[in-house]
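Each chain is listed here by its residues.
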Amino acid sequence: MKHAIHPEYAPVVFRDRAAGHAFLTRSTITASDKIGDATVEWSDGNTYPVFDVEISDASHPFYTGQQRVLDTEGRVEAFRRRYGG
């Protein structure tokens, strides 16, 4: 590998605000990518930068099994009902 062309790879906590779930992983995300000065103390006693996400496996309907059906009738049927067959 070439020297000094790859981004820094460091531990970061990703926090799902909707589900209250957080996980520690390594990432190339940096402070300029919206981490800012936010940090969190993890269960191992170390402090890590935290990055808030809107959705993760803890809150996504596919993984939780709580899928919501908003349109039960389908778009083609709604079009036909509205504008005729």
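These figures come from a predicted structure and were not determined experimentally.

Trainee: Would you take a moment to explain the overall build of the protein for this structure?
Mentor: Broken down by element type, the protein carries two helices and four strands. Mapped from its N terminus to its C terminus, the protein presents α and β elements in the order β-β-β-β-α-α. Each of the 85 residues in the protein was classed as buried or not, and the buried ones make up 15%. Here the analysis covers contacts within the protein between residues at least 6 apart in sequence; of these, 36% occur between residues at least 24 apart. Accessible surface computed for the protein: about 7200 Å², of which carbon and sulfur atoms make up 50%.

Trainee: What should I look at first to understand unusual backbone geometry in this one?
Mentor: Backbone phi values are negative for most residues with the exception of glycine, while trans is the configuration of most peptide bonds. If you check the backbone angles, Ala 4 has positive phi at about 65 degrees while not being a glycine. Along the chain, Ala 4 turns up in the segment before strand 1 (10-16). Looking at Ala 4, the relative accessible area reads 70%, which means it is exposed.

Trainee: Can you walk me through the nonpolar core in this structure?
Mentor: Nonpolar side chains in soluble globular proteins tend to end up buried together. The biggest cluster of nonpolar side chains holds five residues, and these are Val 12, Phe 14, Ile 29, Phe 51 and Val 53. Of all elements in the fold, only strand 1 and strand 4 (47-53) reach the threshold of two or more residues within this core.

Trainee: Sorry, what's going on with the sheet that holds strand 2 (residues 21-27) here?
Mentor: Either a parallel or an antiparallel arrangement is found when strands of a sheet pair, and the pairing is made through backbone hydrogen bonds. Pairing in this open sheet of four strands is mixed, and the strands run 2-1-4-3 from one edge to the other. Both outer strands of the open sheet, strand 2 and strand 3 (39-41), are each paired with one neighbouring strand and no more. Neighbour-to-neighbour, the strand axes of this sheet turn through a mean angle of 45 degrees, independent of strand direction. As judged from the three bridges shared by strand 3 and strand 4, these two strands associate in the antiparallel manner. Residue pairing across strands places Val 40 opposite Tyr 48, the latter belonging to strand 4.

Trainee: I keep staring at the pattern of salt bridges and nothing clicks. Help me out?
Mentor: A side chain of one charge can pair with a side chain of the opposite charge when the charged atoms of the two come close. With the rule as written, the count across this model stands at one salt bridge. Arg 15 serves as the salt-bridge partner of Asp 52, at 2.7 Å between the closest nitrogen and oxygen. Here Asp 52 is found in strand 4, whereas its partner Arg 15 is found in strand 1, with 37 residues between them in sequence. For Arg 15, a relative accessible area of 25% corresponds to the partly exposed category.

Trainee: Looking at this structure, how should I read the pairing of strand 1?
Mentor: Regular strands place their side chains on alternate faces of the sheet. Here seven bridges tie strand 1 to strand 2, and the two strands are oriented antiparallel to one another. Following the sheet pairing, Pro 11 is matched in strand 2 by Arg 26. In this structure, the hairpin formed by strand 1 and strand 2 is closed by a connection of four residues, where Gly 20 is found at a positive phi of approximately 70 degrees. Bridge count for strand 1 against strand 4 is four bridges, and the pairing is parallel. Note on strand 4: the bridge partner recorded for Asp 16 is Val 53.

Trainee: I keep staring at the packing of aromatic side chains and nothing clicks. Help me out?
Mentor: Geometry of an aromatic ring pair is reported as the spacing of the ring centres plus the angle between the planes. On inspection of all chains with the given rule, the structure shows three aromatic pairs. Aromatic rings pair up to connect Phe 14, Phe 23 and Phe 51 into one cluster.

Here is what the cut-offs are and how they apply
Residues numbered from 1 in each chain as written. Predicted model: local features only at pLDDT ≥ 70, side-chain atom pairs only at ≥ 80, totals over all residues. Heavy atoms only, no water. Helix = DSSP H or I, 4+ residues; strand = E, 2+ residues; numbered from the N terminus. Buried < 20%, exposed > 50% of the residue type's maximum accessible area, 1.4 Å probe, protein only. Contact = heavy atoms within 4.5 Å. Areas by Shrake-Rupley, 256 points an atom, 1.4 Å probe, with all protein chains shown as cover. Core = buried A, V, L, I, M, F, W, Y, C linked by side-chain atoms within 4.5 Å. Pairing = 2+ DSSP bridges. Axes fitted to C-alpha atoms, helices over the stretch in contact; angles between N-to-C directions. Salt bridge = Lys/Arg side-chain N within 4 Å of Asp/Glu carboxyl O. Phe/Tyr/Trp six-rings, centres within 6.5 Å; stacked < 30°, edge-to-face > 60°.

Shape is all these values report; function is a separate question.
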